[in-house]
Amino acid sequence: MINRVKAAVAQLVGGIASSPGSSPDPGPKFPYSRPAFLHLSAEESQRSADHSSRPIVVPGQGRRRRRRLLPWDSGYAEVINAGKSALNEDQASREIVFMESRRPKSSSAAKSVEEVKESADEERDGIEFHYWALFDGHAGTGAAVMAAKLLHLHIRDQLHDIVDILRDCDVPPPICLTSEAGTVTGEGSKSPPHQGDWEPPTDSESRFLLEKEISHEYLVVGAIENAFRQMDEQIERERSSYYIPGGCCALAIVYLLGKIYIANAGDSRAILIRNGETVQLSNEFTPESERQRLQYLGYLQPYLLGNEFTHLEFPRRIQYREIGRKMLFRDYSMTGWAYKTIEEDDLKFPLVYGKGKKARVMATIGVTRGLGDHDLKVHNSNIHIKPFLSCVPEVRVYDITKYEHAVDDVIVLGTDGLWDVISDREVADAVIGVLSNCESDDPNRFTLAAQDLVMRSRGILKECGWRLSNDRLGSGDDISVFVIPLYGHT
Ligand code: MG
């Protein structure tokens, strides 16, 4: 098993071996590895990839450990799949990102070199955000590894333009920014950006010139949405120079100025556990949950279906002898079902087919949002799947300052390996159980909670495979979990 993993790692690290005389294939942009904050050596990384024992990995285990705990004492744990892929296709990231103010510093009298150095440290003027993210890769690790290394930098770049606007939280954001330095002109959305050029609208045209008031919160949401798009475009662009196989779901949490932004593109999930109750912080994006969006695209651009698929949905596949009969169907505009007379065109395979975890887009992929997948095609065809996939996350906002959080209040992030076998309630009960058994000031309690969740969803290896405590089938998928405490963070 280890040899198989070694070979796979070697292939990813060194690129695919090329035959003598042929031009070398491109290597990966980033070599495969486990999350940087685990500080695992290559040997430890290989050991974690043993499908037969499926060891659970938490921060602070590695020999090269530099920091035992993650910031905020966040808990994290992961385990590899039961053999569906040689490598763990999940990735994770935890970062604190500083964004410097764009305002020019006030000029001061001449200073010595030492004074300039000291004042530079003191004047480090800006704001920071905290970031946690999970990436659930498929059909290869390339996109997930790249997103884990870079998505927070795209978020930083998008937020950098508005860092000074966000700091002035009492002033509404201006409608436009000018100058290369991003200097803000105008005092706010109620003031025109260029007093000199701007004339008040006459009554007849004022209805076309109403300014919409936009909150700071929506500037951050827009920045995160754009960052996901930039990340996806970078993967698309750089796949001509690097080997970046596959795609990934992405779930990211950004804590900025007292608010938590939950951005989800895919089927990972975030929940809040507050006072023992659970609150869903994200939706999953699957062929079933996005059926109408997919069908509408297939209806508008039927060439994307390659003359092999129909955008209509039927309760089952239709047989040739059923042409002319009436059968239940659903179109993009419908949530309910109606009857239609079957035509020959309806014999094509449905764009969205299957139920629950088996639902697929064009019989190929079970998630509808994420990063990468630019080369994904329907098996044995030239039909591309990417036009049906969206890289844009749904972003929700949780105002952490509006609640008095208790010491056991947490946000749990997990890839679908967790949620496929455990309900939100079971997750909450498990977390509450672990935390209540620890001293409330024990900084390791959130790591123990994450470890417990991974252990519960993986199960124990028995003769009949990985089994949960109630003998249900355990998760055979990669499983990654963050447990983020909220107490004391406002
Ligand atoms: Mg998964």
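Along every chain, residues carry numbers that run from 1 in the direction the sequence is written. The predicted origin of the model limits local features to residues at a pLDDT of at least 70 and limits the giving and counting of side-chain atom pairs to 80 or more, whereas totals for whole chains, interfaces and linings rest on all residues. Note that the side-chain values use all heavy atoms of the structure and ignore hydrogens as well as water.

### Comments concerning the coordination of the magnesium ion
This is how the line gets drawn: Only N, O and S atoms count as donors, using a 2.8 Å limit from the metal and a wider 3.2 Å limit for Na, K and Ca, and since water is excluded some coordination spheres may look unfilled. Each helix corresponds to a stretch of at least 4 residues labelled H or I by DSSP, and each strand to a stretch of at least 2 residues labelled E; elements are numbered beginning at the N terminus. Using a 1.4 Å probe on the protein chains alone, a residue whose accessible area is under 20% of its type maximum counts as buried, one over 50% counts as exposed, and one in between counts as partly exposed.
On the protein side, the magnesium ion has Asp 136 (OD), Asp 416 (OD) and Asp 477 (OD) as donor atoms, found 2.1 to 2.2 Å from it. Summarised as a motif, the one-chain spacing of the donors to the magnesium ion is D-x279-D-x60-D. With a gap of 61 residues between them, Asp 416 in helix 9 (residues 416–419) and Asp 477 in the loop between strand 18 (465–467) and strand 19 (479–485) connect regions that are remote in the sequence. For the residue pair Asp 416 and Asp 477, the accessibility class agrees, reading buried in each case.

### Observations regarding the side chain of His 152
Heads up, the rule is: Contact definition: two residues touch when any of their heavy atoms are within 4.5 Å.
Mapped onto the fold, His 152 is located in helix 4 (residues 142–160). Residue His 152 is classed as buried on the basis of its relative accessible area of 7%. Not counting residues within four places of it along the chain, the set of residues in contact with His 152 comprises Ser 93, Glu 95, Val 97, Phe 129 and Tyr 131.

### Digging into the sheet that holds strand 6 (residues 269–274)
Our working rule: At least two DSSP bridges between two strands are required for those strands to pair. Fitted lines through C-alpha atoms give the axes, limited to the stretch in contact for helices. The angle between two N-to-C directions lies from 0 to 180 degrees.
Reading across the sheet, the 5 strands line up as 1-19-16-6-7 and stay open at both edges, with antiparallel pairing between neighbours. The open sheet is flanked by strand 1 (75–79) and strand 7 (277–280), the only strands paired with a single partner. The average angle at which neighbouring strand axes cross in this sheet is 20°, direction not considered. In the sheet, strand 6 pairs with strand 16 (residues 410–414) via 5 bridges, with the strands oriented antiparallel. Directly across from Ile 273, in strand 16, lies its bridge partner Val 410. Where helix 10 (residues 424–436) meets the sheet, it contacts strand 6, strand 7 and strand 16, and its direction lies at approximately 50° from that of strand 6.

### Some words on the nonpolar core
The condition that has to hold: In this text, buried Ala, Val, Leu, Ile, Met, Phe, Trp, Tyr and Cys residues form a nonpolar core when linked through side-chain atoms within 4.5 Å.
If you look at the biggest cluster of nonpolar residues, it comprises 41 residues, and the most contacted ones within it are Phe 135, Leu 159 and Leu 256. Tallying contributions element by element places helix 4 first for this core, with 9 residues. In terms of nonpolar packing, the next biggest core, distinct from the first, is built from 28 residues, Val 410, Leu 435, Ala 450 and Leu 468 among them.

Purely spatial values, then, with no claim about function.
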